[in-house]
Structure formats: C-alpha cells, structure tokens
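# A structural walkthrough
What follows is the residue order along each chain.
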Amino acid sequence: MIVAGRSGGEGVRIVLEAEEAMLLSELADQVDSVLLLGEADDPALGRLLPNAYTDDASSSREFARYTRDSLVDGKRQAAQRVRDATAVEDGDDTVVQIELDQSEAWGWLTFLTDLRLILAERVGIIEEGDDAADETRDDYLRAAYEWAGFVQGSMLEVLDPTDS
Amino acid sequence: MTATLEQHDTATTTNVVAEEPWRTIVWDDPVNLMTYVSYVFRSYFGYPREEAERLMLRVHTEGRAVVATGNREAMERHVQAMHGYGLQATVSRAET
C-alpha cells in the first residue's frame, strides 16, 4: 500500500495491491451489512451509534429516532463507496489506484473508523494496548484492525501533515 | 450594599447558565487514532490546531472533554456529527 499526496491538488492518492484492495472491498461490504442487518442489540452497532445521553434513556431514544436513519445512511454510503472503489475483477492482478479529493477522503476516514470500531468489538478490544485473550479466530480480525489503522494513519499524515 | 452585591452575583451566575446550559462531551475510546480525533475537532469545529490538540489530549488523558457548549439543539447537532465521525459523544446539561 502506498498513500501519497495528489499532484497539484488537495486530497490523497492510494495505491493498493490487488490483494489489499480485495480485502478492503470485502471489509467494506461487511460494514455495510452490519449497518443494514445488524440486530439492535449488536454491541458493534452500539459503538457506531452510541447513546447521546448517558443518564437519560428517553432523550437517548428520542435522539436516536431523529438521527439514526441519516447516520446509518451516511455510514453505509461511505462503506459502499470504499467497496466500489476497491472492487477488483477476479483474476485481475494489477494494483488499484485511487484518487480522493478532500471530501472523498473524509468518507474513507470515517469508514475506516467505523470498520475499526466494529472489528474492535468483535475481537474485544476494550483497553488500550490490551493484548490478552487473543484467540486464533481473532487473528485475522486483529490484523485487519491494525491494517485499517495503518491506512488511516497514513492518510492523515498526507491530509494533515504536522511540522514535526 | 452587601445585599446588592449578592443579587448581582446571583444574576450573573444565572445568566451564564441560561446562555450555555448544555454541553457536547467527547469520550475516550481505545480505538480512534489521536491524529484522527484532533483532525475531526479542527475540521468540524474549526478549532485552531493547538486547541484541537489540547482537547484531544484531554479526552485521551482524562477520559472525556467538553468540546462545545450552547443550547440543547446545537449540542445534539454536534453529537450527531461526532457519531457520524465515529467518535463517542454525548449531550449533557452543564453542571451549575
């Protein structure tokens, strides 16, 4: 994976190996599914759509009633755009080049956040740096979690360079 | 004189509370990158870099930070936006 600036413009250019693109496309499709089909008590959905009030259940419900559809739509749209941008034909082995302007890049950043929130819930990342309770089953998800964080961090270095 | 002063103090306090009775709070979570949180604060709220990083660090070290104050409707809009960005945010009434 390469993340770089765009020549003569704001935004970011991402180059993915076919294998990476396929992985990301698959993950984006799964995020979309969680948002579409997720059960109300799915804790991963709770991470994506948290309560707006800590101590007022009825205000929380009211808030959810007014905001949930539009939040879900926004998140699904972001996931679908990533899925489509990274779709690779079967047997196609070439790299995938993606150019994102500032606003498209935000879609990727928020998608990567949602993806990591879901993966974190699935592998039980509760405490920072907590590496206990690693099961073999979780290795793939954990690797995907780390990789998505790496992609997001690389994008931020380009979009929001610091002096240091 | 004393009574007048006391009245003045009470009125001032009431005004402050009445103007900005609600808060948007962002909570720490172990998932979001610090650079991302700070970038969201800058881009969405328009905070200068230093302020955005100060708030981000407060979230990180203290577990939460008040990132905006104002009327309830505005705070709910902010919280909705924060949820859109994937941050854990809540609305609460300012403590008096």
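Since the structure is predicted, the reported quantities are computational estimates derived from the model, not experimental observations.

### Quick word on the overall build of chain A
Helix and strand content of chain A: five helices and three strands. Of the regular secondary structure in chain A, the N- to C-terminal order runs β-β-α-α-α-β-α-α. In terms of overall dimensions, chain A is globule-like: its C-alpha atoms have a radius of gyration of 17 Å, near the 15 Å expected for 164 residues. Counting every position in chain A, which comprises 164 residues, the buried fraction comes to 32%.

### Focus on the sheet that holds strand β3 (residues 88–93) of chain B
Residue and element names in this part refer to chain B. Judged by pairing direction, the sheet is antiparallel, and its three strands sit side by side in the order β2-β1-β3 without closing on themselves. Looking at the sheet topology across the chains shown, the edges are occupied by β2 (64–70) and β3. The sheet shows a mean angle of 25 degrees between the axes of neighbouring strands, direction not considered. Across the sheet, helix α3 (residues 49–62) lies against β1 (22–27) and β2, angled at about 130 degrees from β2, the strand it touches most. Here helix α4 (residues 72–85) sits on the sheet and contacts β1, β2 and β3; the angle it forms with β3, its principal contact strand, is near 170 degrees.

### Details of the nonpolar core
Counting 62 residues, the largest nonpolar core has Val-31, Val-82, Trp-108, Phe-111, Leu-115 and Met-155 of chain A together with Val-26 of chain B as the members making the most contacts within it. Ranked by the residues each element gives to this core, the list is headed by helix α4 (residues 102–123) of chain A, at 11 residues.

### With respect to the interface of chain B and chain A
Each partner contributes residues to the interface: chain B has 18 residues there, and chain A has 27 residues. Mapped onto the side of chain B that touches chain A, the elements with two or more residues apiece are α2 (34–45), α4 and β3 of chain B. Among the elements that line the side of chain B that touches chain A, the one with the most residues is α4 of chain B, at six residues. Residue classes in the side of chain B that touches chain A are distributed as eight nonpolar, nine polar and one charged.

### Here we look at the sheet that holds strand β3 (residues 96–100) of chain A
Residues and elements named next belong to chain A. The three strands are arranged β1-β2-β3 in an open sheet whose pairing can be described as antiparallel. The open sheet has two edge strands with one neighbour each: β1 (2–6) and β3. Taking each pair of neighbouring strands and ignoring which way they run, the sheet shows an average axis angle of 20 degrees. Bridging between β1 and strand β2 (residues 9–16) involves four bridges; their strand directions are antiparallel.

### With respect to the pairing of β1 of chain B
Sheet analysis places β1 of chain B next to β2 of chain B, joined by six bridges and oriented antiparallel. Each residue of the ladder has a partner; that of Thr-24 of chain B, found in β2 of chain B, is Ala-68 of chain B.

### Structural notes on the confidence of the model for chain A
Here chain A averages 89 in pLDDT, and 91% of its residues register 70 or above. When mean pLDDT is taken per element in chain A, helix α3 (residues 57–85) of chain A scores highest with 97 and helix α5 (residues 136–159) of chain A scores lowest with 90.

### Overview of α2 of chain B
Residues and elements named next belong to chain B. An ideal rise of 1.5 Å per residue puts 16 Å on 12 residues; α2 measures up with 16 Å between its terminal C-alpha atoms. What α2 keeps buried is the set Tyr-36, Val-37, Ser-38, Tyr-39, Val-40 and Phe-41. Within two residues after α2, Gly-46 carries a phi angle of roughly 75 degrees, on the positive side.

### As for α4 of chain B
Working note: α-helix, 3.6 residues per turn, so residues spaced by three or four point in the same direction. End to end, α4 of chain B covers 20 Å across 14 residues, agreeing with the expected 20 Å (1.5 Å per residue, within 8%). Looking at the buried side of α4 of chain B, the elements it contacts are α3 and α4 of chain A together with β1, α2, β2 and β3 of chain B. Gly-86 of chain B sits one or two residues past α4 of chain B and shows a positive phi near 85 degrees.

The rules behind each value
Residues numbered from 1 in each chain as written. Chains lettered and ligands numbered in written order. Predicted model: local features only at pLDDT ≥ 70, side-chain atom pairs only at ≥ 80, totals over all residues. Helix = DSSP H or I, 4+ residues; strand = E, 2+ residues; numbered from the N terminus. Rg over C-alpha atoms; globule rule 2.2 N^0.38 Å. Buried ≥ 20, exposed ≤ 12 C-beta atoms within 10 Å, placed from the backbone. Pairing = 2+ DSSP bridges. Axes fitted to C-alpha atoms, helices over the stretch in contact; angles between N-to-C directions. Contact = placed C-beta atoms within 7 Å. Core = buried A, V, L, I, M, F, W, Y, C linked by C-beta atoms within 7 Å. Nonpolar A, V, L, I, M, F, W, Y, C, P; charged D, E, K, R; others polar. pLDDT = per-residue confidence, 0-100. Expected span 1.5 Å × (residues − 1).

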